[in-house]
Amino acid sequence: MRHKFFIHSWRPALAIMIFIGIWELSARIFAIETWILPAPSVIAAEMREVLPAFLPHMFSTIKLVLIGFTFGTTIGLIMGTLFHHFDRVRETVYPFLIISQNIPIIVLAPLLLIWFGLGDTPKMIIVAMTSFFPIAVATLSGLQQTDRELLHYMKMMGASKRQLFAKLELPHALPSIFSGIKISATYSVMTGVVAEWLGAQKGIGVFMTLASSSYRTPRVFVAIIMTMLLSLTFFAMIALLERLFIRWNREEKGA
Amino acid sequence: MKRFIQMTLIGLISVALTACGGAQPDTQNNQGTAGKSVSLFLDWTPNTNHTGIYVAKEKGFYKDAGIDVEVLLPGEVSAEQLVATGKGEFGISFQNHVTQARAQGLPVVSIAAVIQHDTSGYASPVEKGIESPKDFAGKTYGAYGSELEKSMVNFVMQQDGADVKDVNIVQLGNSDFFVATKRDIDFVSIFYGWTGIEAELRDVKLNFIKTTDYAKDYDVYSPVIVTSEKLISEDPETVQAFVEATAKGYQFAIENPAEAADILIAAEPDLNPDLVKKSQEWLSPRYQDDAPQWGIQESKRWEAFADFLFKEGIIEKEVDATQAFTNQFIENIKK
Amino acid sequence: MTLSLKNISKSFGDRKILHNISLDMEEGEFVSLLGPSGSGKSTLFSLIGGLLVPDEGDIWLDGQVITNKSGHISYMPQQPSLFPWRTVLDNTLLGQELSGKKDLTEAKRLLEKANLGDMIGAYPHQLSGGMRQRVAFIRALLSPQPIMLLDEPFSALDAFTRLDMQKWLLETWEEYEQSILFITHDIEEALFLSDKIVILSSHPAEIKEIVHVPFGRPRDESLLLSYDFLDWKKELTEKIQNKPQVKSKIS
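All figures in this text were calculated on a predicted structure; none of them were measured in a lab.

## Some remarks on the overall build of chain B
A count of helices and strands for chain B gives 16 helices and ten strands. Counting over 335 residues, chain B shows a buried share of 49%. Here the contacts in chain B between residues at least 6 apart in sequence split such that 79% fall between residues at least 24 apart.

## Quick word on the overall build of chain C
When helices and strands are tallied, chain C shows eight helices and ten strands. A compact globule built from 251 residues should have a C-alpha radius of gyration of about 18 Å, and chain C, at 18 Å, falls within 12% of that. By its C-alpha atoms, chain C is 55 × 45 × 30 Å across when sized along the principal axes. Looking at chain C as a whole, 37% of its 251 residues are labelled buried. Long-range pairs, those at least 24 residues apart, make up 68% of the contacts in chain C between residues at least 6 apart in sequence.

## Topic: the domain arrangement of chain B
Residue and element names in this part refer to chain B. If you check the domain split of chain B, you get domain 1 (10-116 + 221-331) and domain 2 (120-218). Measuring from the centre of the C-alpha atoms in domain 1 to the corresponding centre in domain 2 gives 26 Å. Domain 1 puts 16 residues into the contact, and the matching count from domain 2 is twelve residues. Those elements giving two or more residues to the side of domain 1 that touches domain 2 turn out to be α13 (273-288) and α14 (299-311). Taken together, the residues that form the side of domain 1 that touches domain 2 break down as eight nonpolar, five polar and three charged.

## Some thoughts on the sheet that holds strand β6 (residues 140-143) of chain B
Residue and element names in this part refer to chain B. Strand order in the open sheet made by the five strands is β7-β6-β8-β5-β9, with mixed pairing throughout. What marks the edges here is a single partner per strand, and that holds for β7 (168-171) and β9 (206-210). Here the strands of the sheet are splayed against their neighbours by 35° on average, with no regard to which way each runs. Two strands pair when backbone bridges link them, and strand β5 (residues 120-125) and β9 are joined in this way by five bridges, in the antiparallel orientation. Residue pairing in the sheet places S124 in a bridge with N207 of β9. Helix α8 (residues 192-202) rests against β5, β8 (187-191) and β9 of the sheet, and its axis sits at about 115° to β8.

## Some thoughts on the nonpolar core
Core analysis: the largest hydrophobic core is formed by 148 residues, its most contacted members being B:V224 and B:V226. A per-element tally of this core places helix α5 (residues 121-144) of chain A first, with 13 residues. A domain split of this core shows at least three residues from each of domain 1 (10-116 + 221-331) and domain 2 (120-218) of chain B. Once residues within four sequence positions are removed from consideration, B:V224 is found in contact with B:S93, B:F94, B:Q95, B:V98, B:S110, B:A112, B:A113 and B:V114.

## Side note on helix α2 (residues 51-58) of chain B
Residue and element names in this part refer to chain B. Most of α2 is tucked away: seven of the eight residues are buried. Taken residue by residue, α2 has T51, G52, I53, Y54, V55, A56 and K57 as its buried positions. Against β1 (36-41), α3 (61-64), β2 (67-72), α11 (236-255), α12 (257-267) and α13 lie the buried residues of α2.

## Describing the interface of chain B and chain A
Each partner contributes residues to the interface: chain B has 35 residues there, and chain A has 33 residues. Of all the secondary structure elements, the ones that give two or more residues to the side of chain B that touches chain A are α1 (2-23), α5 (95-103), β7 and α7 (177-182) of chain B. The greatest single-element share of the side of chain B that touches chain A, amounting to eleven residues, is contributed by α1(B).

## A few points about the arrangement of the chains
By contact count, the dominant pairing among the two pairs of chains in contact is that of chains A and B. No part of chain B reaches chain C; the closest C-alpha pair between them is 35 Å apart.

## Notes on the packing of helix α2 (residues 40-85) of chain A against α5(A)
Residues and elements named next belong to chain A. Contact geometry for α2 and α5: axes closest at 6 Å, N-to-C directions at 35°. Crossing geometry of α2 relative to α5 is assigned as right-handed. Looking at side-chain class alone, the contact of α2 with α5 contains 18 nonpolar, ten polar and one charged residues.

## Regarding the interface of chain C and chain A
Facing the 16 residues of chain C at the interface are 13 residues of chain A. Classifying every residue of the side of chain C that touches chain A by side-chain character gives eight nonpolar, eight polar and no charged.

## A short note on unusual backbone geometry
Put simply, B:S222 and B:P223 share a cis peptide bond, and its omega is -5°. With a phi angle near 50°, C:N20 is a residue other than glycine that sits in the positive phi range. Summarising the element assignment, C:N20 is placed in strand β2 (residues 15-25). Classification of C:N20 by C-beta neighbours within 10 Å gives partly exposed; the count is 14. In the Ramachandran plot, C:S81 falls in the positive-phi region, its phi being about 50° despite a non-glycine side chain. Of note, C:S81 is situated in the loop between β6 (74-76) and α2 (88-92). A count of 23 C-beta atoms within 10 Å places C:S81 in the buried class.

## Remarks on the sheet that holds strand β3 (residues 30-34) of chain C
Residues and elements named next belong to chain C. With mixed pairing, the six strands of this open sheet are ordered in space as β6-β7-β8-β3-β9-β10. The open sheet has two edge strands, β6 and β10 (207-212), and neither has a second partner. Across the sheet, the mean angle from the axis of one strand to that of its neighbour is 15°, orientation sign disregarded. Two elements, strand β9 (residues 196-200) and β10, share five bridges in a ladder whose sense is antiparallel. If you follow I199 over to β10, its bridge partner there is E209. Along the sheet face, helix α1 (residues 41-48) touches β3, β7 (147-151), β8 (179-184) and β9 and points at about 150° away from the line of β7.

## Re the packing of α11(B) against α13(B)
All names here are of chain B. It is the contact of α11 with α13, at a shortest axis distance of 8 Å, that shows an interaxial angle of 130°. Between α11 and α13, the crossing angle belongs to the class labelled oblique. Judged by the twist between their axes, the crossing of α11 over α13 is left-handed. Taken together, the residues of α13 that come into contact with α11 (itself represented by Y250, A253 and I254) are S284, P285, Y287 and Q288. Counted by class, the contact of α11 with α13 contains five nonpolar, two polar and no charged residues.

## Section: the environment of B:S93
Residue and element names in this part refer to chain B. Considering the arrangement of structural elements, one finds S93 in strand β3 (residues 90-93). S93 sits in the buried class, given 26 other C-beta atoms within 10 Å. Distance from S93 to E80, taken between C-alpha atoms, is 6.8 Å for residues 13 residues apart in sequence. The residues contacting S93, other than those within four sequence positions of it, are D43, A79, E80, V98, V108, S110, P223, V224 and V226.

## Things to note about helix α6 (residues 148-159) of chain B
Residue and element names in this part refer to chain B. Taking 1.5 Å per residue, twelve residues should reach 16 Å; α6 reaches 17 Å between its end C-alpha atoms and fits that length. The set of residues buried in α6 consists of L148, E149, M152, V153, V156 and M157. Looking at the buried positions of α6, the neighbouring elements they touch are α5, β6, β8, α9 (211-214) and α14. Backbone geometry just after α6 places G161 at a positive phi near 80°.

## Regarding the confidence of the model for chain B
Per-residue confidence for chain B averages 88 on the pLDDT scale, and 89% of its residues sit at or above 70. Here residues 19-33 of chain B is modelled with pLDDT under 50, and outside its nearest four sequence neighbours on either side it reaches 24 contacts, counting other chains as well.

## Examining the confidence of the model for chain C
Residue and element names in this part refer to chain C. Summarising the model, chain C shows a mean pLDDT of 87, and 96% of its residues fall at 70 or more. Averaged pLDDT values for the elements of chain C fall to 86 in helix α6 (residues 159-176) and rise to 94 in α2. Interface confidence for the predicted complex, given as ipTM, is 0.89, next to a pTM of 0.78.

Reading guide: rules and limits
Residues numbered from 1 in each chain as written. Chains lettered and ligands numbered in written order. Predicted model: local features only at pLDDT ≥ 70, side-chain atom pairs only at ≥ 80, totals over all residues. Helix = DSSP H or I, 4+ residues; strand = E, 2+ residues; numbered from the N terminus. Buried ≥ 20, exposed ≤ 12 C-beta atoms within 10 Å, placed from the backbone. Contact = placed C-beta atoms within 7 Å. Rg over C-alpha atoms; globule rule 2.2 N^0.38 Å. Domains from an automatic or database assignment. Nonpolar A, V, L, I, M, F, W, Y, C, P; charged D, E, K, R; others polar. Pairing = 2+ DSSP bridges. Axes fitted to C-alpha atoms, helices over the stretch in contact; angles between N-to-C directions. Core = buried A, V, L, I, M, F, W, Y, C linked by C-beta atoms within 7 Å. Left-handed = near helix turned anticlockwise from the far one by under 90°. Parallel < 35°, antiparallel > 145°, perpendicular 65-115°, else oblique. Expected span 1.5 Å × (residues − 1). pLDDT = per-residue confidence, 0-100.

What follows is the structure, given as structure tokens:
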């Protein structure tokens, strides 16, 4: 299974390398200013130099994102489940959820600041707020699409509501739930970085602000690239978890 | 295979586009000396630092000088970057920004000092009990996102026998002074002319520690007007015209603060008129202050500060201060 | 455990599906409900399973009314309805999980007997149609309820597999001896498997006749080609088609 991953990943890897090659060449040929668009070699040099200073920022962001995301996922799962079981709750609360996703962070920020201060809490709340929604929707959708035949079987066998949920609805909804989690995870790192712009002591967002205010574009790129890598890693971890939970699906699709 | 070619092309095109955008700065169309269009990028949202410009526009000083000035907000990009790449002819900047930018290779030059002496300082609500820099110890500083803040706070504290390591520094990002200091933030660096005056209006009592009281050698020009090296060498007439008209505008504001304030209010109706009026009263005498002429800059102040940045490791290259600014346009103003 | 249906009638709107169905099942009896497709047999199952309420009549199990109550019967639906995320073994244990105690040893034994011993850890999508039906049957068999309801379990299989499955079902069932209520539209199947055949008409479904199948047990494949068997098949066919009979073996 592992070598299958490598077989599949050589294409994007090669594409990236070609892209970097073109970038480097263009930067040299066109003599683009470093403070506009630094060449990959410059970014790499900067990364080597600045990594020790960057790591504490990165760990701070990772911690913030992980906690916020876990919190958001839990809320999303609970909400999706509640909505599935209680129609009236769903009808009342669902529209508010949609509205909540459309409040710009800039508006929310001062409020959160006043209520929670400048610690990690308001930032984790922002991450949680943006991550729970796709998961709530995916969970609800998954639960509502329970296979009718299996449902009929369970009812004929006299399954209680709790047995129905634990043995049929939930396991059946797992693929859908994981889709939601993957979407959420992908955006959560960026959300964490943006949340740090609210006010933070450390974090990739802080690092980026300091770098861009000193016109150090290579450093900004270092932060961008590391953020992308973090997102990818996070996504890969979730995909791995998915494989563990949904073994039966894997073979069916011949992945 | 097709996908490779596609991706290669896309990569090539995007990099080339960026390159083109960077390598050849596009200057505004030149419609002859009459009514040449130029743009000026502000540093932030419009405030009384910019009054002279609005006056020059309103009173036709720019028109008389043969240029048409468009005032723009920079958005997420800094004015320095916009001017350096030629997206705009002029911009509002600060001596520290110019020095740092030049250290990274941005070819921006300061052509006039808007306010002669640094009006910034460390402000805190009186309840926090911060009366001198040594009181910073054990408190939380709300930073606006520059590497140099820590060094400055440290320098100021050292003059008072303390050290910045005892200060908790938090990046404030976009958060507002009044909201931030309500909770965990104890003190913030502000320009008195705007935020300080706002506090007066709100009846919020502040302790204000003027930076230059403790760092008189680092009296930085804040703000300044910048342009690109390219414009200076290729079209000095336009720069001269601009500087002259702008100087006239600030002159008017110095002599007529109330009327100048009204011009700003009329041009930017989103501003709080009370704040503008009170701020203008406070700021007008300070534009020129004790200098022989508005906009003049001293070499030794540029050099001293550049040395400071270099010593503190905030810039890795020494900046030739004499290249960072010029008085040529101010001095050429016809009397 | 004896199951009794007393005067069951059921309509959906103004369409009457079942009319006055009365039926008694003895312990360990294999009863087939024979009728054309769409004649309301599945509705009857849903009523017995407690998912629907009859408009008239009651359902009794061992002297207790179980109308509108679920959990008293073991069910094998038309489609195998195995849970794709459970292994074969875990699927067979599902009935016991819901209302009894899990007995892994017994489950494994039955699976071995069904020639599914090396598929115990496999997932349903790896099994053929016939294999899945066998797993579904074992699941129903293992469930603690005394009565099994089988809804046309072999109708989707090809003729060869069907015969194998019928033989296998008889073998496996003979060991357990639960009562089975079996829906089919296949006369041969009903004759081969059952002790009793309930012939249903349709629109609405009514009991036309209840026929006792005289063949002894254990039933052998050779029975299918005997003259007796073919005679019975002919008579039943005529009964269902409402043709007048020349000779009647039934009384």
